[in-house]
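Listed below, chain by chain, are the residues.
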Amino acid sequence: DNEDINKFIQNTQLSSHNNLKEVLEWIPYYKFCDITYIAENEYKANWIDGNINYWDESIQNWIREGQNMIVILKKLNNTKDITLLFDKIKTDYIFYGITQNPETKDYMMVLNEKCKKCNNICYSIHFQQNFNNWTSGNDDIDKFIQDTQISAHNDVKKALEWIPYDKFYDIKYIAENKYKANWRDGHIFDWDGKNKNWKRSQNIIAVLKKLNNAKDIRSVFINEIYIAYGITQNPETKDYMMVLSDICKKCNKICYSIHFQQNFNNWTSGNDDIDKFIQDTQLSSHKDDVKKALEWIPYNKLYNVEYIAKGGFGKVYKANWIDGNIIFWDNKYQNWKRIGQNMFVALKSLNNSKNVTLEFMNEV
Ligand SMILES: [Zn+2]
Ligand SMILES: [Zn+2]
Ligand SMILES: [Zn+2]
């Protein structure tokens, strides 16, 4: 019933041509339900029809998407300057159309929050709209999870979630502070616009690892080689736990580093510096650089050990190595494939276990 508004809506429609992004509609008020107050002159509502997506030639009608989507109804104060307002509103919101409250006679803009960076409703917006529905009980952890969600944008893998402990079952001990569990829902992989919820992988195995340092969570997650899904809390011990996959973050698959890592508990040199050094070489092998990885080789894997000489760097021996060296991971046998069984190797004494890295770097 307002000439300015009619004219304005018509103009956006006439100038659309092949682009529906700037088009507004007149939306009757009865197309909204569950209208709730959020702030002065601002309401939340469900829009029954959803917005226009494209024109369907065969049925000669508009096809819509986002049925029952949540929209914001914001009072239009001045219908005279609507063109100016339109440009301003468009930078902060997606603008679908205009409606009128039949009781107050107020004209209301029908809007949706949008991401300014992506210029659409990216994953970050969906996460943000859910911030009030969960908490870890720890402000630092809440903030950390929220930050990963806000910065996810179009890469949902970047986002962590708060996962209630009761979503896990068959929780089994694997190592100190480490458990395996079935995760009923599975991790998020996309947004389901129809059901207004996340699409999830369903029933996956996750690793729960105790978060030792709740103060510096960020670096704990950065240093983790596995893709992380989120954080949970054991309600009995009150321990916060990282929820991890068995997939390498860098390679997006189970790479060599992961196979080595899963075997860390099955060997030790008896010297922490040497263990750490070997582990680091193994963790940096990833997809195809298995040559970078060193191993701890038990002495009984060597035979015919013969003294050769005392060189510049210490005593040198010659020996045969029963197993030979690793060339790749054999998925069929779930073990390393090796070549050069019984090959000759040289054994050189390691003089300074404190500075293993340097000694290996100097080795020709
Ligand atoms: Zn045209
Ligand atoms: Zn975004
Ligand atoms: Zn990797």
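Residues numbered from 1 in each chain as written. Chains lettered and ligands numbered in written order. Predicted model: local features only at pLDDT ≥ 70, side-chain atom pairs only at ≥ 80, totals over all residues. Heavy atoms only, no water.

Labelled according to an unreviewed UniProt entry, the protein chain appears under the name Protein kinase domain-containing protein, originating from Rhizophagus irregularis.

Turning next to the domain arrangement of the protein chain. Parsing the protein chain into structural domains produces domain 1 (3-113), domain 2 (123-249) and domain 3 (258-361). Taking only C-alpha atoms, the centre of domain 2 and the centre of domain 3 are 36 Å apart. Every contact between the two is made by 7 residues of domain 2 and, on the other side, 6 residues of domain 3. Buried surface at the junction of domain 2 and domain 3, both sides included, amounts to about 530 Å², of which 62% is carbon and sulfur. Taken as a group, Ile225, Tyr226 and Cys248 account for 70% of the area that domain 2 buries against domain 3, more than any other trio of residues on that side. The tally of links between domain 2 and domain 3 comes to 0 salt bridges. (Domains from an automatic or database assignment. Contact = heavy atoms within 4.5 Å. Buried area = accessible area lost by both parts, 1.4 Å probe. Salt bridge = Lys/Arg side-chain N within 4 Å of Asp/Glu carboxyl O.)

With that settled, the discussion passes to the coordination of the zinc ion (ligand 3). Only Cys248 (SG), Cys251 (SG), Cys255 (SG) and His286 (ND1) from the protein coordinate the zinc ion (ligand 3), and they sit 2.1 to 2.3 Å from it. Taken together, the 4 donor atoms coordinating the zinc ion (ligand 3) and their angles of 102 to 114 degrees define a geometry best described as tetrahedral. Linear spacing of the donor residues for the zinc ion (ligand 3) on their chain is C-x2-C-x3-C-x30-H. Here Cys248, found in strand β16 (residues 240-248), pairs with His286, found in the loop between α7 (272-283) and β17 (302-311); they are 38 residues apart in sequence, far enough to count as distant. The two residues Cys248 and His286 agree in class, both being buried. (Donors = N, O, S within 2.8 Å, 3.2 Å for Na, K, Ca; no water. Tetrahedral: all angles 85-135°; square planar, octahedral: opposite > 155°, others 65-115°. Helix = DSSP H or I, 4+ residues; strand = E, 2+ residues; numbered from the N terminus. Buried < 20%, exposed > 50% of the residue type's maximum accessible area, 1.4 Å probe, protein only.)

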